[in-house]
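Structural description and commentary
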There are 2 protein chains.
Amino acid sequence: MSEQLLWSSHYYLSAMDTCASNQPDRLRNFEAVCKRARVRMTFQRMAVFQEVAGNDEHPDAEAVYLSVRRQIPTISLDTVYRTLWLLKSLGLISTVGAPREKTRFDGNPAEHHHFLCTVCGRIQDMQPQGSYTLEIPESVKDVGRVERARIEFQGTCLECLKLKGDGDVSHGSTS
Amino acid sequence: MSEQLLWSSHYYLSAMDTCASNQPDRLRNFEAVCKRARVRMTFQRMAVFQEVAGNDEHPDAEAVYLSVRRQIPTISLDTVYRTLWLLKSLGLISTVGAPREKTRFDGNPAEHHHFLCTVCGRIQDMQPQGSYTLEIPESVKDVGRVERARIEFQGTCLECLKLKGDGDVSHGSTS
DNA sequence: TTAGCTGCAAACGTTTTGCACTCAC
DNA sequence: GTGAGTGCAAAACGTTTGCAGCTAA
């Protein structure tokens, strides 16, 4: 937990709160987060949240919509979208990959990783070096055969740090 | 061109030098790959390839289009798209993030990584374990401040391996 | 009561497709 | 010469928005 705190924005704090896998706890946390953010609790939002929180298939908006519609037949796809982005902005759920972005192409033929600046959106290549050679863990055997592993670092690039007048470029480790 | 240079504050300059000096080589390789795949070499394809190969800004299709148009004013955006996907299928370029995919949502509040099966498209969560704690390298200092690091493993999941009748789930390390 | 939320429909931006013409092989 | 590749226009797709009515606080 202390390591996590190094990285923490409210995301991690609320994430740790909700970590308990049982739904009532997560739902209670959801209510608390909504109250704190002065966001109204509605039936639709609860249903969407429960659907995503209790689903490990990484559903897309359409899948969430189809599933929630069984409970609320009148819900609309755009409400699902609005709710999903709201939940994300509250740190209650996350997205896989870069959402709402055009496809970007990469002509660098060497194996490398990416640093994505969340402020300006620029992506910089990072050549892998000894210090962070990534060992594929034994546990992957239980999931499948890995053909490639790519790390995406997210943060603020030097130029955006300068613009913010924040020179602190401290860094740590994550797991 | 030492490894160190890549990480110096002149990262971009040296990266561009590298690309420029390799261009003839890469172009020759491009021709060879096209010939092998029985894909025709056209002026448009060469221009698109050169643009992506000599550009480390991870351009989107529109940016490639605008740039190539200076050379071939009559080229169309859809040709650029078709060519980019062709180049990707030939393994000559890659895409950043999951291309041509809907946004997928993730209700798992714990810090975790993803295993993406390139056959069936399923994404599975992988809880980080001691064995693959990811140390953020010192060199990231030269790029910016990292707030998050996520690993995306790509490969074939157990079920798809079984369907292919390929039981080999060996794995190695990548850097 | 009332600001915030919803559903509808229509718009949006990116990407893909059908077609007739063109050009690399 | 022939079929793969191209440009055009129009469609398709996922997603977002404006608006009028509804509802949680």
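Just so it is clear, the structure is predicted and the values come from calculations on it, not from any experiment. (Residues numbered from 1 in each chain as written. Chains lettered and ligands numbered in written order. Predicted model: local features only at pLDDT ≥ 70, side-chain atom pairs only at ≥ 80, totals over all residues. Heavy atoms only, no water.)

**Quick look at the overall build of chain A**
- Along the backbone of chain A there are seven helices and six strands.
- Of all 175 residues assigned to chain A, the portion counted as buried reaches 48%.
- Put simply, of all contacts in chain A between residues at least 6 apart along the chain, 46% involve residues at least 24 apart.
- As displayed, chain A has an accessible area near 8900 Å², and 50% of this comes from carbon and sulfur atoms. (Helix = DSSP H or I, 4+ residues; strand = E, 2+ residues; numbered from the N terminus. Buried < 20%, exposed > 50% of the residue type's maximum accessible area, 1.4 Å probe, protein only. Contact = heavy atoms within 4.5 Å. Areas by Shrake-Rupley, 256 points an atom, 1.4 Å probe, with all protein chains shown as cover.)

**Considerations on the sheet that holds strand E3 (residues 113-117) of chain B**
- Across the sheet, six strands lie side by side as E4(A)-E3(A)-E5(A)-E6(B)-E3(B)-E4(B); this open sheet has mixed pairing. Both edges of this open sheet fall to strand E4 (123-126) of chain A together with strand E4 (123-126) of chain B, since each of them pairs with a single strand only. Sheet twist, expressed as the average angle between the axes of neighbouring strands with direction ignored, equals 30°.
- Bridging between E3 of chain B and E4 of chain B involves four bridges; their strand directions are antiparallel. In the sheet register, Leu116 of chain B faces E4 of chain B, and the bridge partner there is Ile123 of chain B. (Pairing = 2+ DSSP bridges. Axes fitted to C-alpha atoms, helices over the stretch in contact; angles between N-to-C directions.)

**Side note on the side chain of Gln154 of chain B**
- Looking at the element boundaries, Gln154 of chain B is found in strand E6 (residues 144-157).
- Side-chain polar atoms of Gln154 of chain B contact the side chain of Glu152 of chain B, separated by 2.9 Å.
- In this structure, Gln154 of chain B is in contact with Arg145, Val146, Glu147 and Arg148 of chain A together with Leu116 and Thr118 of chain B, ignoring residues within four places of it in sequence. (Polar contact = N/O pair within 3.5 Å; in protein donor to acceptor, adjacent residues only side chain to side chain.)

**With respect to the pattern of salt bridges**
- Applying the stated criterion across every chain yields a total of 10 salt bridges over all chains.
- Here Arg82 of chain A and Asp78 of chain A are joined by a salt bridge, their closest N and O atoms 3.2 Å apart. Of this pair, Arg82 of chain A and Asp78 of chain A both sit in helix H6 (residues 77-89), four residues apart, which is roughly one turn of that helix.
- The exposed category is assigned to Arg82 of chain A, whose relative accessible area is 58%.
- The salt bridge partner of Arg145 of chain B is Glu147 of chain B, with a shortest N-O separation of 3.9 Å.
- Overall, the relative accessible area of 14% leaves Arg145 of chain B in the buried class. (Salt bridge = Lys/Arg side-chain N within 4 Å of Asp/Glu carboxyl O.)

**What about unusual backbone geometry?**
All names here are of chain A.
- Its identity as a non-glycine residue notwithstanding, Arg38 has a phi of 55°, on the positive side.
- In this fold, Arg38 is placed in the loop between helix H3 (23-36) and helix H4 (43-53).
- Assessed through its relative accessible area of 79%, Arg38 is described here as exposed.

**Focus on the pairing of E4 of chain A**
- Both faces of E4 of chain A are covered, namely the face carrying Ile123 and Asp125 of chain A and the face carrying Gln124 and Met126 of chain A.
- The loop that links strand E3 (residues 113-117) of chain A with its antiparallel partner E4 of chain A comprises five residues; one of these, Gly121 of chain A, has a positive phi angle of about 85°.

**Structural notes on the domain arrangement of chain A**
Residues and elements named next belong to chain A.
- Each assigned domain of chain A is listed with its residue range as follows: domain 1 (1-8 + 111-175) and domain 2 (21-109).
- At the junction of the two partners, domain 1 supplies eight residues and domain 2 supplies four residues.
- Buried area between domain 1 and domain 2, both sides added, is near 460 Å², and the carbon and sulfur share of it is 31%.
- Taken together, domain 1 and domain 2 are joined by zero salt bridges.
- A class-by-class count of the residues in the side of domain 1 that touches domain 2 yields one nonpolar, four polar and three charged. (Domains from an automatic or database assignment. Buried area = accessible area lost by both parts, 1.4 Å probe. Nonpolar A, V, L, I, M, F, W, Y, C, P; charged D, E, K, R; others polar.)

**Things to note about helix H5 (residues 61-69) of chain A**
- Residues of H5 of chain A that are buried: Ala61, Val64, Tyr65, Ser67 and Val68 of chain A.
- Against H4 and H6 of chain A together with strand E2 (104-106) of chain B lie the buried residues of H5 of chain A.

**What to know about the packing of H4 of chain A against H6 of chain A**
Residue and element names in this part refer to chain A.
- Packing of H4 against H6 brings their axes to within 10 Å, and their N-to-C directions diverge by 70°. By the angle class used here, H4 and H6 are roughly perpendicular. Handedness of the H4/H6 crossing: right-handed. Only Thr79, Val80, Thr83, Leu84, Leu86 and Leu87 of H6 make contact with H4, whose side of the interface consists of Gln44, Arg45, Val48, Phe49 and Val52. (Parallel < 35°, antiparallel > 145°, perpendicular 65-115°, else oblique. Left-handed = near helix turned anticlockwise from the far one by under 90°.)

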